[in-house]
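# Coordinates in review
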Amino acid sequence: MSQSGDRLKAVYDEVVGRNPGEEEFHQAVREVLENLGPVVEKHAAFADTALIRRLCEPERQIIFRVPWVDDDGRPQLNRGFRVEFNSALGPYKGGLRFHPSVYLGIVKFLGFEQIFKNSLTGLPIGGAKGGSDFDPKGRSDAEVMRFCQSFMTELYRHLGEHTDVPAGDTGVGRREIGYLFGQYKRITNRYELGVLTGKGLTWGGSQVRTEATGYGLVFFVEEMLRAAGDSLDGAKVVVSGSGNVAVYAIEKVHQLGGSVVACSDSGGFVVDEDGIDLDLLREIKEQRRGRVSDYADARGGKVRYVEGESIWSVPCDVALPCATQNELDEAGAEQLAGHGCRVVAEGANMPTTPGAIRVLRDAGISFAPGKAANAGGVATSALEMQQNAARDVWTFEQTEQRLGEIMRAVHDRCLETAEEYGSPGDYVAGANIAGFLRVAEAMLALGHV
Ligand code: NDP
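Residues numbered from 1 in each chain as written. Predicted model: local features only at pLDDT ≥ 70, side-chain atom pairs only at ≥ 80, totals over all residues. Heavy atoms only, no water.

### Re the domain arrangement of the chain
Per the domain assignment, the segments making up the chain are domain 1 (3-55), domain 2 (60-191) and domain 3 (212-373). Every contact between the two is made by eleven residues of domain 2 and, on the other side, seven residues of domain 3. With both chains or domains summed, domain 2 and domain 3 bury close to 900 Å², and 47% of this area falls on carbon and sulfur atoms. The largest per-residue losses of area from domain 2 upon contact with domain 3 belong to Phe-109, Glu-113 and Lys-117, which jointly make up 49% of the total buried on that side. For the interface between domain 2 and domain 3, the tally reads one salt bridge. A salt bridge links Lys-371 to Glu-113; the shortest N-O distance between them is 3.5 Å. Between the two partners, domain 2 and domain 3, sit three residue pairs in polar contact (both at pLDDT 80 or more). (Domains from an automatic or database assignment. Contact = heavy atoms within 4.5 Å. Buried area = accessible area lost by both parts, 1.4 Å probe. Salt bridge = Lys/Arg side-chain N within 4 Å of Asp/Glu carboxyl O. Polar contact = N/O pair within 3.5 Å; in protein donor to acceptor, adjacent residues only side chain to side chain.)

### Regarding helix H1 (residues 3-18)
With 16 residues, H1 should reach 22 Å at 1.5 Å per residue; the first-to-last C-alpha distance of 23 Å fits that figure. If you check which residues of H1 are buried, you get Ser-4, Gly-5, Leu-8, Val-11, Tyr-12 and Val-15. The arc that holds the buried residues of H1, viewed along the axis, is 120°, so those residues lie on one side. Away from its buried face by more than 90 degrees, H1 exposes Gln-3, Gly-17 and Arg-18. In the core, the buried residues of H1 are packed alongside helix H2 (23-33), helix H3 (37-42) and helix H4 (50-55). (Helix = DSSP H or I, 4+ residues; strand = E, 2+ residues; numbered from the N terminus. Expected span 1.5 Å × (residues − 1). Buried < 20%, exposed > 50% of the residue type's maximum accessible area, 1.4 Å probe, protein only. Arc of directions from axis to C-beta.)

### Brief notes about the pattern of salt bridges
Going through the model one piece at a time under the given rule, you end up with 33 salt bridges. Residue Arg-60 is joined to Glu-84 by a salt bridge in which the shortest nitrogen-to-oxygen separation is 2.6 Å. Separated by 24 residues along the polypeptide, Arg-60 in strand E1 (residues 60-69) and Glu-84 in strand E2 (residues 75-86) bring together distant segments of the chain. Arg-60 sits in the partly exposed class, given a relative accessible area of 41%. Overall, Glu-84 belongs to the buried group, its relative accessible area being 0%. Taking the shortest distance from any N to any O, the salt bridge between Glu-251 and Arg-282 comes out at 2.7 Å. Separated by 31 residues along the polypeptide, Glu-251 in helix H9 (residues 244-255) and Arg-282 in helix H10 (residues 278-287) bring together distant segments of the chain.

### As for the site of the ligand
Around the ligand, a shell composed of 23 residues is seen, among which Arg-97, Asp-169, Thr-213, Ser-266 and Arg-291 lie nearest. Within the side chain of Thr-213, one N or O atom sits 2.7 Å away from an oxygen atom of the ligand. Within the contact set of the ligand, an oxygen atom lies 2.4 Å away from a side-chain nitrogen or oxygen of Ser-266. Taken together, the elements giving at least two residues each to the shell around the ligand come down to helix H8 (209-227), H9 and strand E7 (259-265). Viewed by domain, the shell around the ligand spans two of them, domain 2 (60-191) and domain 3 (212-373), each represented by three or more residues. (Near = heavy atom within 4 Å.)

The following block contains the structure:
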């Protein structure tokens, strides 16, 4: 191993030692450090790795109790988290996730990824993530509201439009952002629109924020295909998940001439060779809070519903994992390679395991990591902050055009940086190095703080 490799390995070992049991966080750190060798060799400022060690340590970690009362009057208890990872480029920015799997290691992995993603957008936003092990599934609106109010009653003191600006993520949509914002407004007595993003259109939200992650992902894929002399027109696409990211990725693929033939939830997946009927899927997921199995029932014999198997067994040209972390493993990657898939781009955060990435690379499949490909969500959150600060409202077309420009710039930045640092065509190396360089330069300028 090279000297720089040894030094980066020592940083990784220290991260593992200081953060025991946080496997997802270790994985996220390792994936970045693995690409920093050429950077450490080229720039004397990073050679002793002191800045890299600092980058791996969150600036602040907040863990708090969230007591609330359910509809039957029974006391309930959850744990809340906010990891304010890095503010060298701007206020902490990153979503809140409500899901039973949430613990400190998940929040730290997401917060760490967010630093590089936000840096890559070129916008002035730092990196953070938060959430709770609360499960909104099966809870009434009133229960969700009481939970959100209790969560914000503790978190509000750490937030502010110039300090820390959360948004949604899995389990946190417009409903939850509304309850959180309402409680913040009540406690602080301030109509501080820029403190949360993902708001409703009548109360400070931005056009295209709901669609942004899915749309941005597909804009990125379009650029990947264009760089390879290819296009989405007529392409067969598989999208995992059927939540916010997945639904709008499906919509944009269809608008650009591709066809999404399969999508999923944690229960199973559907294959609809005519192309997923998005109006029907949206009605089932959004109006009825239903399952993809309900989609299959509604479409009758025309579609196949499969439980307990991998969605990556469905043949496609382009695969977009948009559900959750580590959902595409080596076996899934081998299935994709086996049937000639050409592009994999991550809509979710870290859905592809390191082993699967190796398989895709060996098979010559073009692969884009989430920190680049799904940056459209946070980029549009930053556009929402811009509008809030200027007390302005942009049109859908204006905002979508800006999103498209940002995604094309992120794409080009990844490819150019990969080329410059000796890994042409490698989006993972390009994203990690370009994301690192911008935030590292700011950290150097701000001193050892
Ligand atoms: P949602 O909660 O809206 O949707 C998640 C979807 O994934 C649901 O359909 C869920 O199904 C499905 N899912 C969860 N686990 C599995 C599994 N093991 N197998 C198959 N499907 C599964 O979340 P989002 O769409 O907002 O987020 C999805 C991913 O994208 C997350 O990794 C998130 O961090 C990332 N992301 C989101 C952004 C955003 O703007 N929303 C921005 C950037 C990244 P079920 O209902 O059964 O649980």
